[in-house]
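Take a look at the letters that make up each chain.
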Amino acid sequence: MTDKSEMIFGVRAVIEAIQAGKEIDKILVKKDIQSDLSKELFAALKGLLIPVQRVPVERINRITRKNHQGVVAFISSVTYQKTEDLVPFLFEQGKNPFFVMLDGITDVRNFGAIARTCECAAVDAVIIPARGSVSVNADAMKTSAGALHTLPVCREQNLRATLQYLKDSGFRIVAATEKGDYDYTKADYTGPMCIIMGAEDTGVSYENLALCDEWVKIPMLGTIESLNVSVAAGILIYEAVKQRNND
């Protein structure tokens, strides 16, 4: 569970946090909330990339005994960035950008481990969706061994649109998937590129796979069908490091 110091309780307090521009990871709202203040809250949220979950009041009561008024906001441990801001900045710096996108990964320990590998490999940013994704909370920060303090995290409304933007910007997109056409070492990681990893149970979504330039797989020689996603990500990231350093 996220540390209580990273939460804000009460409708007015959450509205003020939004208006103050605080980085909010997600908001839990009591299912049947109908107050005038709650309408003001939803108006303040309009157009923002803040996931809102409608939950039974019992769930919020388990989190806190404070007067929460049916609303609790989780403050993000990082300041999110936008892919469309980061790409031109990196090109202007003369960089050869290298991103990792995570499609549907919800386990904070896997996310933290991937972030740690990304930081060690000088990946320029991790891209996650605003919904159906991991929370960048205290557990993720701890598992990342501090990497999330320095590694940019981009939270995007639509991964498909972000992939299209990357392709239009000259990026090569490599997907790790059991449906891969060939061994991961055969892919080209040398130019501006993004590796996309999916959740262990569902993999990269079909709509995102459709935009990828290459589908690659890691050979499975034992009886288990797949690797832990953080291990698989590490293998691909360091194949990219090897190729990019030898280029």
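Going by what an unreviewed UniProt entry lists, the chain is known as 23S rRNA (Guanosine(2251)-2'-O)-methyltransferase RlmB and is assigned to Bacteroides faecis.

### Looking at the packing of aromatic side chains
Across all of its chains, the model carries 2 aromatic pairs by this definition. Arranged with centres 6.0 Å apart and planes meeting at 65 degrees, the rings of Phe91 and Phe171 form a pair that is edge-to-face. Highlighted residues: Phe91 in helix H4 (residues 83–92) and Phe171 in the loop between helix H7 (159–168) and strand S8 (172–176), separated in sequence by 80 residues. On the basis of relative accessibility, which here comes to 4%, the residue Phe171 falls in the buried class. Among the aromatic side chains, those forming a connected cluster through ring pairs are Phe91, Phe99 and Phe171. It is Lys26 that lies over the ring of Phe74; its NZ or CZ is 5.2 Å from the centre.

### Looking at the domain arrangement of the chain
Domain boundaries in the chain define domain 1 (5–73) and domain 2 (81–243). Each partner contributes residues to the interface: domain 1 has 8 residues there, and domain 2 has 9 residues. Note on domain 1 versus domain 2: buried area summed over both sides is about 700 Å², and carbon and sulfur give 39% of it. Considering only the surface of domain 1 that becomes buried against domain 2, Asp25, Leu49 and Pro51 emerge as the three largest contributors, covering 71% of it. In this assembly, domain 1 and domain 2 are joined by 1 salt bridge. Close ionic contact of Arg155 with Asp25 constitutes a salt bridge, the shortest N to O distance being 3.9 Å. For the pair domain 1 and domain 2, the number of links is 2 residue pairs in polar contact (both at pLDDT 80 or more). Residues belonging to the side of domain 1 that touches domain 2 are distributed by class as follows: 5 nonpolar, no polar and 3 charged.

### Notes on the UniProt feature "domain: RNA 2-O ribose methyltransferase substrate binding" (unreviewed entry) in the chain
Taking the UniProt record as the reference, the feature "domain: RNA 2-O ribose methyltransferase substrate binding" (unreviewed entry) is found at residues 7–81. End C-alpha to end C-alpha, residues 7–81 measures 21 Å, and it is 35% helix and 25% strand.

### Some words on the sheet that holds strand S1 (residues 7–9)
Taking strand neighbours across the sheet as the criterion, the 4 strands line up as S1-S4-S2-S3 in an open arrangement whose pairing is mixed. Looking at which strands have only one partner, the edges of the open sheet turn out to be S1 and strand S3 (52–55). If you compare each strand with its neighbour and ignore which way they point, the axes differ by 20 degrees on average. The pairing of S1 with strand S4 (residues 71–75) spans 3 bridges and is antiparallel. Bridge pairing links Phe9 to Val72 in S4.

### Topic: helix H1 (residues 11–19)
Buried within H1 are the following residues: Val11, Val14, Ile15, Ala17 and Ile18. End-on, the buried residues of H1 take up no more than an arc of 160 degrees, which puts them together on one face. On its buried face, H1 is in contact with S1, strand S2 (24–30), helix H2 (36–45) and S4.

### Looking at the environment of Phe171
Considered as a pair, Phe171 and Pro192 are 21 residues apart in the sequence and their alpha carbons are 4.8 Å apart. Ignoring any residue separated from it by four or fewer positions in sequence, one finds Phe171 in contact with Val87, Phe91, Pro97, Phe99, Leu166, Pro192, Met193, Cys194 and Asp213.

### Focus on the pattern of salt bridges
A complete count under the given rule lists 7 salt bridges for this structure. With its nearest N and O atoms 2.9 Å apart, the salt bridge here joins Lys82 to Glu156. Within this pair, whereas Lys82 is found in the loop between S4 and H4, its partner Glu156 is found in strand S7 (residues 153–156), the two being separated by 74 residues in sequence. The class for Lys82 is partly exposed, based on a relative accessible area of 34%. Among the ionic pairs, Lys167 bridges to Asp213, the shortest N-O distance being 3.1 Å. Of the two residues, Lys167 sits in helix H7 while Asp213 sits in the loop between helix H8 (206–209) and strand S11 (214–217), which places them 46 residues apart along the sequence.

What counts as what
- Residues numbered from 1 in each chain as written.
- Predicted model: local features only at pLDDT ≥ 70, side-chain atom pairs only at ≥ 80, totals over all residues.
- Heavy atoms only, no water.
- Phe/Tyr/Trp six-rings, centres within 6.5 Å; stacked < 30°, edge-to-face > 60°.
- Helix = DSSP H or I, 4+ residues; strand = E, 2+ residues; numbered from the N terminus.
- Buried < 20%, exposed > 50% of the residue type's maximum accessible area, 1.4 Å probe, protein only.
- Lys NZ or Arg CZ within 6 Å of the ring centre and 35° of its normal.
- Domains from an automatic or database assignment.
- Contact = heavy atoms within 4.5 Å.
- Buried area = accessible area lost by both parts, 1.4 Å probe.
- Salt bridge = Lys/Arg side-chain N within 4 Å of Asp/Glu carboxyl O.
- Polar contact = N/O pair within 3.5 Å; in protein donor to acceptor, adjacent residues only side chain to side chain.
- Nonpolar A, V, L, I, M, F, W, Y, C, P; charged D, E, K, R; others polar.
- UniProt positions renumbered as here; feature names shortened; annotations may be inferred.
- Pairing = 2+ DSSP bridges.
- Axes fitted to C-alpha atoms, helices over the stretch in contact; angles between N-to-C directions.
- Arc of directions from axis to C-beta.

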